[in-house]
Structures are given as C-alpha cells and as structure tokens.
Amino acid sequence: MYTVFSTFDVPDEKSEEVISIYKNRSRSVDQAEGFIDFLLLQNDKRPGELTVQLIFDTKENYLNWVRSEDFKRIHDLEKKYPDQELAAVVPKVSQYKVVAK
C-alpha cells in the first residue's frame, strides 16, 4: 500500500468551512484505479491544521491519479476558490510506502 498526507494550515475560524468543502468533495478520486481510502484529519490541539490522507494500493496507481485530468481539474478549481486566503493555501505533501500493518 501507498499513503499520501497533504497537511495545510487555515485560520482556525475557517476550519469548519474547509471541512464542509471536503465533506462535499467530488469523490472522483474514489473511482481512480487502486484507490483504497480518503480521510480528512483535524489536529486535536490546532483546529486550523488539516491533513488529507489518501491510500492507494500502489505508488504507481497514486501517480497515475496525480497525472489524470480529474486531478488537474479538481486542483484548478481550488485555485479559483472565492476566498483568496484559502485559495492560496499550499499543502506540505508527504508520501509513504506502507511497510507493516
């Protein structure tokens, strides 16, 4: 398995707005080959720190998703979000191969 974490910070008062966006996400990644799971995590002590976790069966399938038209379309929409403070957020992305379960 392969997991990717995208961690980003938003102002605490906007965290619920961002959570709502993710709760209503397009779910197109769910249809990607090898997709296993999506989670949105919120830091227990810092509510403005959010992490998206994607789990794929292989690194190759994750990379195929990142290269897909759906991925590009979704991320282009994020750049056009009306709240420019949120649109400007750049996540820290970490990628991991699962080596034990």
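That block above? That's the structure.
In this text the structure is predicted, and so the values were computed from the model without any measurement.

## Description of the overall build of the protein
Part 1: Each helix and strand in the protein was counted, giving 4 helices and 4 strands.
Part 2: Reading the secondary structure of the protein in the N-to-C direction produces β-α-β-β-α-α-α-β.
Part 3: Against the compact-globule benchmark of 13 Å for 101 residues, the protein has a radius of gyration of 14 Å, which places it among compact chains.
Part 4: The principal-axis extents of the C-alpha atoms in the protein amount to approximately 35 × 30 × 20 Å.

## Description of helix H2 (residues 59-66)
Part 1: The complete set of buried residues in H2 reads Asn-61, Tyr-62 and Trp-65. The arc that holds every buried residue of H2, seen down its axis, measures 100°, which confines them to one face.

## Considering the sheet that holds strand E1 (residues 2-9)
Part 1: The strand order across the open sheet built from 4 strands is E2-E3-E1-E4, with neighbouring strands paired in antiparallel fashion. The sheet terminates laterally at strand E2 (35-42) and strand E4 (92-97), the two strands that pair on one side only. This sheet shows a mean twist of 15° between the axes of neighbouring strands, independent of strand direction.
Part 2: Where helix H1 (residues 15-23) meets the sheet, its contacts fall on E1, E2 and strand E3 (49-56), and the angle it forms with E2 comes to roughly 165°.
Part 3: Helix-sheet contacts for H2 involve E1, E3 and E4, and the interaxial angle to E3 is about 120°.

## Quick word on the environment of Asp-57
Part 1: Checked against the element boundaries, Asp-57 lands in the loop between E3 and H2.
Part 2: The exposure class assigned to Asp-57 is partly exposed, which follows from its relative accessible area of 35%.
Part 3: Along the backbone, Asp-57 and Ala-88 are 31 residues apart, and their C-alpha atoms lie at a distance of 30 Å.
Part 4: With near-sequence residues (within four places) excluded, Asp-57 lies in contact with Met-1, Tyr-2, Gly-34 and Ile-36.

## Quick word on the environment of Phe-71
Part 1: Its location among the elements puts Phe-71 in helix H3 (residues 69-79).
Part 2: Residues Phe-71 and Ala-32, spaced 39 residues apart in sequence, show a C-alpha to C-alpha distance of 9.9 Å.
Part 3: In this structure, Phe-71 is in contact with Trp-65 and Val-66, ignoring residues within four places of it in sequence.

## A look at the pairing of E1
Part 1: Looking at chain direction, E1 and E3 are connected through 8 bridges and run antiparallel. Looking at the pairing, Thr-7 lines up with Thr-51 of E3.
Part 2: Here E1 runs beside E4; their pairing, made up of 6 bridges, is antiparallel. Following the sheet pairing, Thr-7 is matched in E4 by Lys-92.

So, how was this worked out
- Throughout, a residue's number is its position along its own chain's written sequence, starting from 1.
- Local features in a predicted model are, by the rule used here, given only for residues with pLDDT of at least 70; side-chain atom pairs are given and counted only at 80 or more, and totals for whole chains, interfaces and linings are based on all residues.
- As a rule here, side-chain values cover all heavy atoms of the structure and leave hydrogens and water aside.
- Numbering of helices and strands runs from the N terminus; a helix is a DSSP stretch of H or I covering at least four residues, while a strand is a stretch of E covering at least two.
- Radius of gyration: C-alpha atoms only; globule rule: 2.2 Å multiplied by the number of residues to the exponent 0.38.
- The cut-offs for exposure are 20% and 50% of the maximum accessible area for each residue type, with area from a 1.4 Å probe on protein chains only; residues under the lower value are buried, those over the upper are exposed, and the others partly exposed.
- Note: the arc covers the axis-to-C-beta directions of the helix.
- In this scheme, strands are said to pair when DSSP sees at least two bridges between them.
- Axis definition: a line fitted to C-alpha atoms, over the contacting stretch in the case of helices. Angles run 0 to 180 degrees between N-to-C directions.
- Contacts: residue pairs with any heavy atoms within 4.5 Å of one another.

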